[in-house]
Amino acid sequence: MDTKANLLIRKGRVIDPASGRDDVADLLVEGGRLVRVGASLDAPGAEIMEAEGLWVIPGLVDSCVHLSLPGEGPWAGDVASECRAAAGGGITHMAVQPDCGPVDSTAVVRLIREQAGQANFARALPVAALTQGLAGEHLAEMQTLAQAGCIAVGQAGAPLADSLTLKRCLEYAATFDLLVLFRPEDASLTAGGCAHDGAVAARLGLPGIPAVAESVALSRDLLLVEATGVRAHFQQISSRHSLALIREAKRRGLPVTADVSIHHLLLDESALEGFNSHCHVMPPLRTARDRQALLDAVADGTLDAICSKHQPLGSFSKAAPFPSTRPGISGLDTLLPLVLKLIREEALPLHRALDAVTAAPARCLGIPAGQLETGRMANLTVVAPDEQRVMSERWLSGGRNSPWFNTLLPGSVRRTVCNGEVSWLAG
């Protein structure tokens, strides 16, 4: 890949939700920095990319990605391979969940950063473990991990021993102003379940997980956020019942943000018909009414961001009776195409949809990314929004566990620039 090359992108539709910009313009990158955006720019000696008919948008920011270090963990591929998939999908920054390792030592943090840096495709931002080994009992050295480069702390869905342990974790995090990522889930109400506790699960004979498993945990978490004053980001909200709690928390001024996975915006419990294990996810796909409520909540800003919840699995992980399969969807390749699908179907407004995968997740995570700001290192994506392709024809992730693997979707990434360097260039 070229590094820090001068680049002039001409006559693309420049869409930057953070600034409200949406017009046809040229962009000039010099020495890796975005230096000018305007009409009829000139840059002798720079590489020129003609972008007429293409969109130029900020590099995507993915707030939930599960990765493995080489030879470790349950996920297919590793940090390097999945960073390549991210770049090919227009993603420049991704929050790596703390089950990569787990991330409870500075050595693991360094390894993640080194693996991603050597691959030179996308920036992997580690999230530190809230407890040692994610075992849910003893507090991890959160501040030390933050100083080593972690952007937040969390449990990656692993349960905590009790509410007292959680309170102590939040008090520690609040003392050092650390962002805490929550995946609200009551373990006792979830145990043994693999599908939403509704009509489809009943018909298929699958053990159910009620929506209240999420809202009960969310209620407790919000009370503890208020008691401790910690900054909180809630991940993968799946139920309409949870949305009222988040709206009320925001109305009252609690330091709370939230996201939803892209698959919860496109699929509901009916996708499980025929025991489709590629739709076995946690939290489970819920009702059509829940799905519409989630879309409405993204549109009105109750849900700040959309994430991939990328979990790349080997083929064997889905080749078993549905309850025995491992939950998860490989989502880096499809995040942008699926967002474009929602825009084309008018399920979400264009600017709000793009904001939800660029500037909004960057704000949630507290990182300087997700916008086309002059003077900074360039992080941008050039995409052909109307060009359709069968996803399997250029699938980059090590995991092919996706209900959209053989689906025709819009959006082909032509070029990704990450931290001033061309990290992906379509062949």
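Residues numbered from 1 in each chain as written. Predicted model: local features only at pLDDT ≥ 70, side-chain atom pairs only at ≥ 80, totals over all residues. Heavy atoms only, no water.

Q: Help me understand helix H10 (residues 288–299) in this model?
A: Spacing of three or four residues puts side chains on the same side of an α-helix, whose turn is 3.6 residues. A rise of 1.5 Å per residue sets the reference length of H10, with its 12 residues, at 16 Å; its end C-alpha atoms lie 17 Å apart and thus fit the reference within 8%. What H10 keeps buried is the set Asp290, Ala293, Leu294, Leu295, Ala297 and Val298. Looking at the buried side of H10, the elements it contacts are helix H8 (240–251), strand S14 (256–261), helix H9 (262–266), strand S15 (305–307), helix H11 (335–344) and helix H12 (350–355). Positive backbone phi, approximately 90°, marks Gly301, located one or two places after H10. (Helix = DSSP H or I, 4+ residues; strand = E, 2+ residues; numbered from the N terminus. Expected span 1.5 Å × (residues − 1). Buried < 20%, exposed > 50% of the residue type's maximum accessible area, 1.4 Å probe, protein only. Contact = heavy atoms within 4.5 Å.)

Q: Looking at this model, I keep getting lost on the sheet that holds S15. Mind explaining?
A: Within a sheet, neighbouring strands are paired by backbone hydrogen bonds and run either parallel or antiparallel to one another. Taken in spatial order, the 8 strands line up as S6-S7-S8-S9-S10-S13-S14-S15 in an open sheet, and their pairing is parallel. A strand with exactly one partner marks an edge of an open sheet, and here the two such strands are strand S6 (60–65) and S15. Between one strand axis and the next, the sheet turns by 30° as a mean value, whatever way the strands run. Bridge analysis of strand S8 (residues 123–129) against strand S9 (residues 152–154) gives 3 bridges, and the strand direction is parallel. Its bridge partner being in S9, Val127 is matched across the sheet by Ala152. The strands touched by helix H7 (residues 212–228) are strand S10 (179–182), strand S13 (231–234) and S14; relative to S13, the strand with the most contacts, the crossing angle is about 165°. (Pairing = 2+ DSSP bridges. Axes fitted to C-alpha atoms, helices over the stretch in contact; angles between N-to-C directions.)

Q: I'm lost on unusual backbone geometry in this one. Help?
A: Negative phi values dominate among residues other than glycine, just as trans dominates among peptide bonds. Put simply, Gly101 and Pro102 share a cis peptide bond, and its omega is 5°. Here Pro102 lies in the loop between strand S7 (91–96) and helix H2 (106–119). A cis amide bond links Met282 with the next residue in sequence, Pro283, at an omega value of -5°. When you line up the elements, Pro283 lands in the loop between H9 and H10. The phi dihedral of Phe275 falls on the positive side, at around 55°, and the residue is not glycine. On the basis of relative accessible area, Phe275 is assigned to the partly exposed category, the value being 42%.

Q: Honestly, the pattern of salt bridges in this entry has me stumped. Any pointers?
A: For side chains bearing opposite charge, pairing can occur when the charged atoms are close. This structure, assessed with the given rule, holds 20 salt bridges. Between Glu345 and Lys341 there is a salt bridge, with the nearest N and O atoms lying 2.7 Å from each other. What makes Glu345 partly exposed here is its relative accessible area of 47%. (Salt bridge = Lys/Arg side-chain N within 4 Å of Asp/Glu carboxyl O.)

Q: Is there a simple way to explain the packing of helix H1 (residues 79–88) against H2 in this structure?
A: Pairs of packed helices are described in terms of their axes, by the angle between the two and the distance that separates them. Here H1 crosses H2 at 50°, and the two axes come no closer than 8 Å. Relative to H2, H1 is oriented oblique. With respect to the hand of their crossing, H1 and H2 are arranged in right-handed fashion. Contact residues: Val79, Ala80 and Cys83 in H1; Ile112, Gln115, Ala116 and Ala119 in H2. Split into classes, the residues belonging to the contact of H1 with H2 amount to 6 nonpolar, 1 polar and no charged. (Parallel < 35°, antiparallel > 145°, perpendicular 65-115°, else oblique. Left-handed = near helix turned anticlockwise from the far one by under 90°. Nonpolar A, V, L, I, M, F, W, Y, C, P; charged D, E, K, R; others polar.)

Q: I would appreciate a short explanation of the layout of surface pockets in the present structure.
A: Sizing a probe to match a water molecule and rolling it over the atoms shows the empty space that remains. Each pocket or cavity is described by its volume, and for the largest pocket that value is around 770 Å³. In this structure, the largest pocket is lined by 36 residues; those nearest its centre are Ala156, Gly157, Ala158, Pro159 and Glu185. Mapped by element, the contributors of at least two residues to the lining of the largest pocket are S10 and H7. The element that contributes the greatest number of residues to the lining of the largest pocket is H7, accounting for 4 residues. Looking at the lining of the largest pocket, its residues break down into 19 nonpolar, 8 polar and 9 charged. Of the pockets and cavities examined, the second largest pocket occupies roughly 290 Å³. Among the elements of the structure, H2, S8 and strand S18 (421–425) are those that each provide at least two residues to the lining of the second largest pocket. A class-by-class count of the residues in the lining of the second largest pocket yields 6 nonpolar, 4 polar and 4 charged. (1 Å grid on protein atoms, 1.4 Å probe; cavity = no way out; pocket = protein on both sides within 12 Å on 5 of 7 lines; lining within 4 Å. Points joined across faces, edges and corners; volume = space filled by probe spheres on them.)

Q: In this structure, what is going on with the nonpolar core? I would like to understand it.
A: Generally speaking, soluble globular proteins have nonpolar side chains that are buried together. Ranked by internal contacts, the top residues of the largest apolar core, which has 101 residues, are Phe234, Ile262, Leu265, Leu272, Leu303 and Ile306. Here this core gets 7 residues from one element, more than from any other, and that element is H11. If near-sequence neighbours (up to four positions away) are discounted, Phe234 is found in contact with Phe182, Pro184, Leu218, Asp221, Leu222, Val225, Val256, Thr257, Ala258 and Asp259. Residues Ala51, Leu54, Leu372 and Leu380 belong to the second largest nonpolar core, which totals 18 residues. (Core = buried A, V, L, I, M, F, W, Y, C linked by side-chain atoms within 4.5 Å.)

Q: Would you take a moment to explain empty space enclosed by the protein for this structure?
A: A full pass over the atoms with the stated rule returns 2 cavities of 30 Å³ or more. A volume near 30 Å³ is recorded for the second largest cavity. Contributing to the lining of the second largest cavity are Arg183, Glu185, Thr190, Ile209, Ala213, Glu214, Met282, Pro283, Pro284 and Arg286. Its residues assigned to classes, the lining of the second largest cavity shows 5 nonpolar, 1 polar and 4 charged.

Q: Teacher, can you tell me more about the environment of Gly193 here?
A: The topology assignment puts Gly193 in the loop between helix H5 (187–190) and strand S11 (195–196). Using a relative accessible area of 18% as the deciding quantity, one classes Gly193 as buried. Measuring from C-alpha to C-alpha, the distance between Gly193 and Val35 comes to 52 Å, with 158 residues separating the pair along the chain. Those residues in contact with Gly193 that lie beyond four places of it in its chain are Pro207, Gly208 and Ile209.

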